[in-house]
Amino acid sequence: MNDFYTEVIEFYRCMRLCLIEQNNVIFSIILKVASELRDLNKGRQLHYQIAKMGSPDSFVLTGLLDMYAKCGTVEFARDVLDEIAEKDVVSWTSMIVGCMQREMVSWLYH
């Protein structure tokens, strides 16, 4: 399965080199791949690119939150959660699961 994710990352890199316009759909997909790979470095690079693009939608922000939580950086996930204007079940679930995986349940009560 990692080979598939690696191919997706490589395809995304080629898209960027070919100057293909990036959008929220592409970012949502590639963030899911970075989350599954638990690749914080790739996730941070994506976060930088997303920030350069402008205002991401809630799907992209939730993808960022999920990626940071799965990579073990719950503090960054919380920062992203704070950016989501209309938090929903998916964003809160991603945050809670990230905390549970890092045994930071007490953080939820603060």
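Residues numbered from 1 in each chain as written. Predicted model: local features only at pLDDT ≥ 70, side-chain atom pairs only at ≥ 80, totals over all residues. Heavy atoms only, no water.

Concerning the packing of helix α2 (residues 24-37) against helix α4 (residues 58-70)
Right, so step 1: Relative orientation of the contacting elements α2 and α4 amounts to 10 degrees, with a least axis distance of 9 Å. One finds that α2 runs roughly parallel with respect to α4. Mapping the contact onto sequence places Asn-24, Phe-27, Ser-28, Leu-31, Lys-32, Ala-34, Ser-35 and Glu-36 in α2 and Phe-59, Val-60, Gly-63, Leu-64, Asp-66, Met-67 and Lys-70 in α4.
Right, so step 2: Split into classes, the residues belonging to the contact of α2 with α4 amount to seven nonpolar, four polar and four charged. (Axes fitted to C-alpha atoms, helices over the stretch in contact; angles between N-to-C directions. Helix = DSSP H or I, 4+ residues; strand = E, 2+ residues; numbered from the N terminus. Parallel < 35°, antiparallel > 145°, perpendicular 65-115°, else oblique. Contact = heavy atoms within 4.5 Å. Nonpolar A, V, L, I, M, F, W, Y, C, P; charged D, E, K, R; others polar.)

A word on unusual backbone geometry
Right, so step 1: One non-glycine residue, Arg-38, lies in the positive phi region at around 55 degrees.
Right, so step 2: In this structure, Arg-38 sits in the loop between α2 and α3 (40-53).
Right, so step 3: What makes Arg-38 partly exposed here is its relative accessible area of 42%. (Buried < 20%, exposed > 50% of the residue type's maximum accessible area, 1.4 Å probe, protein only.)

Structural notes on the side chain of Ser-91
Right, so step 1: The topology assignment puts Ser-91 in helix α6 (residues 89-101).
Right, so step 2: Taking relative accessible area as the criterion, Ser-91 reaches 0% and is therefore assigned buried.
Right, so step 3: What Ser-91 contacts, discounting residues up to four positions off in sequence, is Thr-62, Leu-65, Leu-81 and Ile-84.

Everything listed is a geometric property; what it means functionally is a separate question.
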